[in-house]
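# Inside the fold
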Amino acid sequence: MLYREYYERAELSLPFDMELREFAYQPMDSGSYVRHLSFSSLQELRQALVQDVPAHLFYSSAKYQRPTARDMEEKGWMGSDLQFDLDADHLCETRKIVFCPVCGKEVIGGKCQEHGVEAREYVEISVDCLKRTWELANVLAEILREDFDLKPRIFFSGNRGFHVLVECSGECALMDSEDRKEIVRYVSGEGVPFKGHEGDPGWAGRILRTKGVEVDEQVTVDIHRLIRIPGSVHGKSSLLVKEMEEFVYDISLSPFKGRAVLYPFISGEFTLIDTKFYLNKGEPISMTAGYAIFAYSKGLGEVSYYAR
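Report on the accompanying structure. Given the structure is predicted, the values throughout are model-derived calculations rather than measurements. (Residues numbered from 1 in each chain as written. Predicted model: local features only at pLDDT ≥ 70, side-chain atom pairs only at ≥ 80, totals over all residues. Heavy atoms only, no water.)

## Some words on the state of the cysteines
How we decide: A pair of cysteine sulfur atoms is labelled a disulfide when the two atoms are within 2.5 Å. Helix numbers and strand numbers start at the N terminus; a helix is a DSSP run of H or I with at least 4 residues, a strand a run of E with at least 2.
Tallied over the full model, the rule gives two disulfides. Sulfur-sulfur distance for the disulfide between Cys 92 and Cys 129 comes to 2.3 Å. Taking the torsion about the sulfur-sulfur bond, which here is approximately 100°, the covalent link between Cys 92 and Cys 129 counts as right-handed. Pair noted here: Cys 92 is in the loop between strand 6 (82-87) and strand 7 (95-99) and Cys 129 is in helix 4 (residues 127-148), with a separation of 37 residues, a long-range link.

Have a look at this one:
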């Protein structure tokens with residue numbers, strides 16, 4: 001399996017205090033999560049990943065005295081990092097197709113009446129939309145640096161947006177959910193009058209330029225939230241979770257090299273990562289492996305052949 005081979009050599013970015021973190025993953029072809037795990041080294045984690053390959057891989061934003069305890073009260077919370085999620089599909093219109101994987105026809109509702117199978121949903125987000133989300137992530141990072149004296153890092157989520165992460169210690173780590181909610185209100189511009197000019201210095205000009213930064217409040221206020229591990233593969237896209245200092249959205253985000261053959265479930269023109277392809281249902285198409293595995297992860301077809 002390609003994912004197993006990847007995790008045999010993957011360079012994962014782990015917190016320095018990993019022994020205090022809960023680890024979790026979602027196995028391939030399973031909707032449930034395996035949680036309350038603890039590892040003391042990358043090698044120990046790697047051995048577990050090779051045995052049970054994950055579609056999604058996380059560590060906790062929280063630090064615990066007993067990360068393997070199954071009850072949150074028993075874990076012994078010691079503080080949490082500060083995390084923000086910015087999703088591109090919340091900022092821009094997306095292309096959405098609900099179709100039958102057997103006949104390839106678009107369907108209304110969750111099932112193909114003709115073949116009695118569950119429909120698949122394909123959502124396509126443009127590169128321009130992702131770039132806009134990246135720009136807002138940078139505005140958020142600027143606010144956290146200049147107004148809160150924090151040191152944020154920006155990560156591509158691996159699929160539809162970006163995470164802004166602050167590795168906290170001291171008072172920052174001990175903020176409760178209400179404190180974190182106040183930060184969300186601040187960065188979103190809640191209660192700030194939109195007066196002045198976009199070129200004005202400081203918060204006034206920034207808030208007029210962005211009309212606030214829309215983040216997923218539940219992610220930020222949840223002190224037990226999970227964080228995607230940088231270097232891991234996002235199971236819904238096959239792309240890497242990766243720290244970014246400049247915007248990149250191209251085939252380099254795929255760890256899978258070589259060539260592959262895709263058998264499409266549907267006909268039409270689709271943007272796979274950064275390139276447009278015309279797919280004909282059932283007609284094999286040879287392409288760079290990263291594109292084929294991306295299409296497979298998005299439910300557009302099956303990969304039948306792979307060569308490095």
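Resuming the write-up.
## Thoughts on the pairing of strand 2 (residues 34-37)
Spelled out, the test is: Note: two strands are recorded as paired if DSSP finds a minimum of 2 bridges between them.
Pairing of strand 1 (residues 23-27) with strand 2 involves two bridges; the strand directions are antiparallel. Of the residues in strand 2, the one forming a bridge with Phe 23 is Leu 37.

## Considering the pairing of strand 16 (residues 268-272)
Heads up, the rule is: Each residue gets one of three labels from its accessible area relative to the maximum for its type: buried under 20%, exposed over 50%, partly exposed in between, using a 1.4 Å probe on protein chains only.
Of the two faces of strand 16, only one is covered, namely that formed by Gly 268, Phe 270 and Leu 272; the face formed by Glu 269 and Thr 271 stays uncovered. Where strand 16 hands over to strand 17 (residues 275-279), the hairpin turn is made up of two residues, of which Ile 273 adopts a positive phi near 60°.

## What to know about the sheet that holds strand 12 (residues 161-166)
An order of 6-12-11-14 is seen for the four strands of this open sheet, with the pairing classed as antiparallel. Because the sheet does not close on itself, it has two edges, and the strands there are strand 6 and strand 14 (242-243). When strand 11 (residues 152-156) meets strand 12, the two strands line up antiparallel, connected through five bridges. Paired with Phe 156 across the two strands is Phe 162, which belongs to strand 12.

## What about the side chain of His 163?
Going by this rule: Between N or O atoms, a polar contact is any pair within 3.5 Å; within protein, one atom must be a potential hydrogen donor and the other a potential acceptor, and residues adjacent in sequence are included only when both atoms are from side chains. In this analysis, two residues are considered to be in contact whenever any of their non-hydrogen atoms come within 4.5 Å of each other.
Assignment of secondary structure puts His 163 in strand 12. Within polar-contact distance, the side chain of His 163 engages the side chain of Asp 85 at 3.3 Å. Filtering out sequence-adjacent residues up to four positions away, His 163 remains in contact with Gln 83, Phe 84, Asp 85, Arg 153, Ile 154, Phe 155, Ser 157 and Arg 228.

## Focus on the sheet that holds strand 13 (residues 226-228)
Hydrogen bonds along the backbone pair up the strands of a sheet, which may run parallel or antiparallel. To keep things clear, this is the line we draw: Angles shown run from 0 to 180 degrees and are taken between the N-to-C directions of axes, each axis being a line fitted to C-alpha atoms and, for helices, limited to the stretch in contact.
Taken in spatial order, the four strands make up an open sheet running 2-1-3-13, and their pairing is antiparallel. Either end of the sheet is taken by a strand with one partner, and the two such strands are strand 2 and strand 13. Taken pair by pair, the neighbouring strands of this sheet meet at an average axis angle of 30°, ignoring direction. Where strand 1 lies against strand 3 (residues 54-60), five bridges are found, and the strand directions are antiparallel. Bridge pairing in strand 3 places Phe 23 opposite Tyr 59.

## Remarks on helix 2 (residues 42-51)
Defined as follows: Arc definition: it is the arc formed by the directions from the helix axis to the C-beta atoms.
Of all the residues in helix 2, the buried ones are Leu 45, Arg 46 and Leu 49. In an axial view of helix 2, the angular spread of the buried residues amounts to 100°, which keeps them on one side of the axis. Packing partners of the buried residues in helix 2 comprise helix 1 (2-7), strand 1 and strand 3.

## With respect to helix 5 (residues 177-187)
Among all positions in helix 5, only Arg 180, Ile 183, Val 184 and Val 187 are buried. The buried residues of helix 5 occupy an angular sector of 100° when projected down its axis, which confines them to one face. Two to three positions downstream of the cap, the backbone nitrogen of Glu 178 sits 3.1 Å from a side-chain oxygen, assigning the N-cap of helix 5 to Asp 176. Where helix 5 terminates, the next one or two residues include Gly 189, which has phi positive at roughly 80°.

## Considerations on the packing of aromatic side chains
Heads up, the condition is: What counts as a ring pair is set by centres within 6.5 Å for rings of Phe, Tyr and Trp (its six-membered ring), and what kind of pair is set by the plane angle: stacked under 30 degrees, edge-to-face over 60, tilted for all other angles.
Evaluated as defined, the whole model comprises 13 aromatic pairs. Ring geometry for Phe 156 versus Phe 162: centroids 5.7 Å apart, planes at 55°, classification tilted. Accessibility expressed as a relative area gives 1% for Phe 162, which makes it buried. Measuring from ring centre to ring centre gives 6.5 Å for Phe 162 and Phe 247, while their planes differ by 55°; the resulting arrangement is tilted. Of this pair, Phe 162 sits in strand 12 while Phe 247 sits in the loop between strand 14 and strand 15 (259-264), and the two are 85 residues apart along the sequence. Ring pairs connect the aromatic residues Trp 134, Phe 156, Phe 162, Phe 247 and Tyr 249, which therefore count as one cluster.

## So, the layout of surface pockets
The condition that has to hold: Of the grid points, spaced at 1 Å and generated over the protein atoms alone, those admitting a 1.4 Å probe that cannot get out make up cavities, while open sets with protein on both sides within 12 Å along at least five of seven lines make up pockets; any residue with an atom within 4 Å of a point is treated as lining. Grid points are joined across faces, edges and corners, and a volume is the space filled by probe spheres set on the points. Note that Gly is not counted as nonpolar here; it falls among the polar residues with everything else outside the nonpolar set of Ala, Val, Leu, Ile, Met, Phe, Trp, Tyr, Cys and Pro and the charged set of Asp, Glu, Lys and Arg.
Taken as a whole, the largest pocket encloses approximately 1,400 Å³ of empty space. For the largest pocket, the lining is made up of 45 residues, of which His 56, Arg 228, His 234, Gly 235 and Lys 236 are closest to its centre. Within the residue set of the lining of the largest pocket, elements represented by two or more residues are helix 1, strand 1, strand 3, strand 6, strand 10 (120-124), strand 13, helix 8 (289-297) and strand 19 (301-307). For the lining of the largest pocket, the element with the highest residue contribution is strand 10, accounting for four residues. For the lining of the largest pocket, a count of residues per class yields 17 nonpolar, 13 polar and 15 charged.

## Thoughts on the environment of Ser 126
Take Ser 126: it is sitting in the loop between strand 10 and helix 4. Note on Ser 126: relative accessible area 39%, which makes it partly exposed. A distance of 3.0 Å separates a polar side-chain atom of Ser 126 from the backbone nitrogen of Cys 129.

None of the figures reported here should be taken as evidence of function without further support.
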